[in-house]
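Notes for the structure review
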Amino acid sequence: MKIAAGSTLIRNGQMVDGTGAAAAPDAAVLVTDGRIAYAGPAAGCPVVEGVSVIDACGGTILPGLVEAHYHPTYFNVAALEDLDIKYPVEYVTLLAAANARLALECGYTAARSGGSLFNIDVWLKRAIENDVTVGPRLAASGREICGAGGLMDWNPDFRKIGMEGLILLVNGPGEARAAVRKLVKDGVEWVKTYPTGDAAAPDTNDHHTLCMSFEEMEAVVTTAHNHRLKVTGHCRATEGIKNALRAGYDAVEHATFIDDEGLELLLQRDVPVVPALQFEWASVEYGKEWGMSQRVIDGHKETLEGGAESARRILKAGGRIGMGGDYGFAWNPHGDYAKELTFFVKYVGFGVLDVLRCATKVGAEIMGRGGEIGTLETGKVADVLVVDGDVVRDVSVLEDRRRIVAVMQGGVVKAGRVAR
Ligand SMILES: [Zn+2]
């Protein structure tokens, strides 16, 4: 990805640096050759000749946001068929590129994929890195791994519909190993698995059901770690969360019904969690319109309440939480990413500075790039977001794209008012 040459000064705004520290009023951020040369009170900022200036309009300067559970290849999915048989790989690839551009325009300068159709993420990442197209710096996942008969194995065999674009179905540790080896060759960074079911499948794979055996999960982790890949999983059921942690998972998605023992295991290795909760609220709120049965909606309600309680417990215990939202469903569309942040403040009860830390610093750490991006600190790559509004007072300002002054990656302004 190109980096800027020369210096840019961002001034006339408060700064939230992403570490969780209080906002610094009247701050300045100086970017030189794509890196942060200064971030702090305007009064202490070095004077540079011939610098270009971005006026923050009395708003907020913060690190670019990190979407920690992103599905660029999901395209406002309304039914299961949308995920496997509706479109060919060619069209899904174009949709993914459009979604990536949208995420950047929304202030998301980095994202970790939560699973990809086909092997699109890997190539989307390459296209972004090579400036072929624009989007968040991406941590790529691939096809997701699920036990046969589990949540993602929804087409009856008589239909003879393969799921090779969406999922690698496994029976036993041998097949789990083979699936990971295929992903190693594909070039993914994260292996996404389905240890548990979900409220979406109340008959055979609900949110308290396990969809992979411990032996399968352990085989996934051993194989992935051998090739320096990381492993995460869709974990709702209490036992599934503990299986993932005991098997050595590097992250847990959702961690919906975590118990004391699970929390203990989580904290032992400081494993990050991405709850993705606004999705559950949206499912409860808009599910009827999209044909969800009352049973499914009730399941989402239980998931929402359980997930909110678990997130509060994890944060309070000092665990790490990333902000990512499974955007890409019809009732939870791309472009709404920042709703997750508002939701965590208003519904879950997190403080704004905590939420912003989760959405920047922790997100970068989950990607394995915490030393490079995620905070506004001297020496870091200049991925910066400037918004016209007081984000600390009202975090929902981030939902409004018209308020975005600048979205910067490596010091280059890629989106926002000043890019136009
Ligand atoms: Zn997901």
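Residues numbered from 1 in each chain as written. Predicted model: local features only at pLDDT ≥ 70, side-chain atom pairs only at ≥ 80, totals over all residues.

**Section: the overall build of the protein**
- When its secondary structure is counted, the protein shows eleven helices and 16 strands.
- Against the 2.2 N^0.38 benchmark of 22 Å for 420 residues, the protein shows a C-alpha radius of gyration of 21 Å, consistent with a compact globule.
- In terms of its C-alpha atoms, the protein occupies a principal-axis envelope of roughly 70 × 45 × 40 Å.
- Taking all 420 residues of the protein together, the buried fraction comes to 57%.
- Sequence-distant contacts in the protein: of pairs separated by 6 or more residues, those separated by 24 or more amount to 69%. (Helix = DSSP H or I, 4+ residues; strand = E, 2+ residues; numbered from the N terminus. Rg over C-alpha atoms; globule rule 2.2 N^0.38 Å. Buried ≥ 20, exposed ≤ 12 C-beta atoms within 10 Å, placed from the backbone. Contact = placed C-beta atoms within 7 Å.)

**Things to note about unusual backbone geometry**
- In this structure, Asp131 takes a positive phi of about 60° despite not being glycine.
- Locating Asp131 in the fold gives a position in the loop between α3 (120-129) and β7 (137-139).
- The backbone of Ala276 sits at a positive phi, close to 50°, despite the residue not being glycine.
- Among the structural elements, Ala276 can be located in the loop between β13 (273-274) and α8 (278-286).

**Some words on the domain arrangement of the protein**
- What the domain assignment reports for the protein is domain 1 (7-64 + 373-419) and domain 2 (65-337).
- Between the C-alpha centres of domain 1 and domain 2 there is a distance of 31 Å.
- Here the element with the most residues in the side of domain 1 that touches domain 2 is strand β15 (residues 404-409); it accounts for three residues.
- Among the residues forming the side of domain 1 that touches domain 2, the class breakdown is six nonpolar, three polar and three charged. (Domains from an automatic or database assignment. Nonpolar A, V, L, I, M, F, W, Y, C, P; charged D, E, K, R; others polar.)

**Here's the deal with the sheet that holds strand β4 (residues 52-63)**
- Read across the open sheet, the seven strands follow the order β3-β2-β1-β4-β14-β15-β16; overall the sheet is mixed. Every other strand in the sheet has two partners, leaving β3 (35-41) and β16 (412-415) as the edge strands with one partner each. Mean inter-strand twist for the sheet, computed between neighbouring axes without regard to direction, equals 35°.
- Across six bridges, the pairing between strand β2 (residues 24-32) and β3 is antiparallel. Paired with Ala27 across the strands is Pro41, a residue of β3. (Pairing = 2+ DSSP bridges. Axes fitted to C-alpha atoms, helices over the stretch in contact; angles between N-to-C directions.)

**Quick notes on the environment of Ala359**
- Tracing the backbone shows Ala359 in helix α11 (residues 352-366).
- Between the alpha carbons of Ala359 and Pro275 there is a distance of 12 Å; along the sequence they are 84 residues apart.

**Notes on the nonpolar core**
- One finds Val29, Val191, Val220, Val252 and Val386 to be the most contacted residues of the largest nonpolar core, which totals 137 residues.
- The residue makeup of this core includes at least three contributed by each of domain 1 (7-64 + 373-419) and domain 2 (65-337).
- Residue contacts for Val220: discarding those within four places in its chain leaves Ile145, Ala176, Val180, Val191, Thr193 and Val231. (Core = buried A, V, L, I, M, F, W, Y, C linked by C-beta atoms within 7 Å.)

**Some thoughts on the packing of α8 against helix α9 (residues 294-316)**
- Two elements in contact, α8 and α9, have axes whose closest approach is 9 Å; the angle formed by their N-to-C orientations is 150°. Taken as axis vectors, α8 and α9 run roughly antiparallel relative to one another. Regarding α8 and α9, the two cross each other, and that crossing is left-handed. From α8, Glu280, Trp281, Ser283 and Val284 reach across to α9, where they touch Ile297, His300, Lys301, Thr303, Leu304 and Gly307.
- Looking at the contact of α8 with α9 residue by residue, the class counts come to four nonpolar, four polar and two charged. (Parallel < 35°, antiparallel > 145°, perpendicular 65-115°, else oblique. Left-handed = near helix turned anticlockwise from the far one by under 90°.)

**Considerations on helix α10 (residues 339-348)**
- Buried residues of α10: Lys339, Glu340, Leu341, Phe343, Phe344 and Val348, and no others.
- Looking at the buried side of α10, the elements it contacts are α8, α9 and α11.

**Description of the packing of helix α4 (residues 173-186) against helix α5 (residues 214-226)**
- Where α4 contacts α5, the two axes come as close as 8 Å, and the packing angle between them is 35°. As for how α4 packs across α5, the hand of that crossing is right-handed. Residue-level contacts link Pro173, Ala176, Arg177, Val180 and Arg181 of α4 to Glu215, Glu216, Ala219, Val220, Thr223 and Ala224 of α5.
- Here the residues of the contact of α4 with α5 are counted per class, giving six nonpolar, one polar and four charged.

**Observations regarding the pairing of strand β5 (residues 65-70)**
- Most of β5 sits out of view: six of its six residues are buried.
- In the sheet, β5 pairs with strand β6 (residues 108-113) via four bridges, with the strands oriented parallel. Bridge pairing links Glu67 to Ala111 in β6.

**Details of α8**
- The element α8 is largely enclosed, with a buried count of seven among its nine residues.
- Taken together, the buried positions of α8 are occupied by Gln278, Phe279, Glu280, Trp281, Ala282, Ser283 and Val284.
- On its buried side, α8 packs onto α9 and α10.

**Things to note about the sheet that holds strand β9 (residues 167-170)**
- If you walk across this open sheet you meet the six strands as β9-β8-β10-β11-β12-β13, and the pairing is parallel. On the outer flanks of this sheet lie β9 and β13, each paired with one strand and no other.
- One ladder, built from two bridges, connects strand β12 (residues 252-254) with β13; its direction is parallel. By the bridge assignment for β13, Glu253 is matched with Val274.

**Here's the deal with the environment of Arg269**
- Within the secondary structure, Arg269 is located in the loop between α7 (260-268) and β13.
- For Arg269, a count of 11 C-beta atoms within 10 Å puts it in the exposed group.
- For the pair Arg269 and Leu245, spaced 24 residues apart in sequence, the C-alpha separation works out to 8.7 Å.

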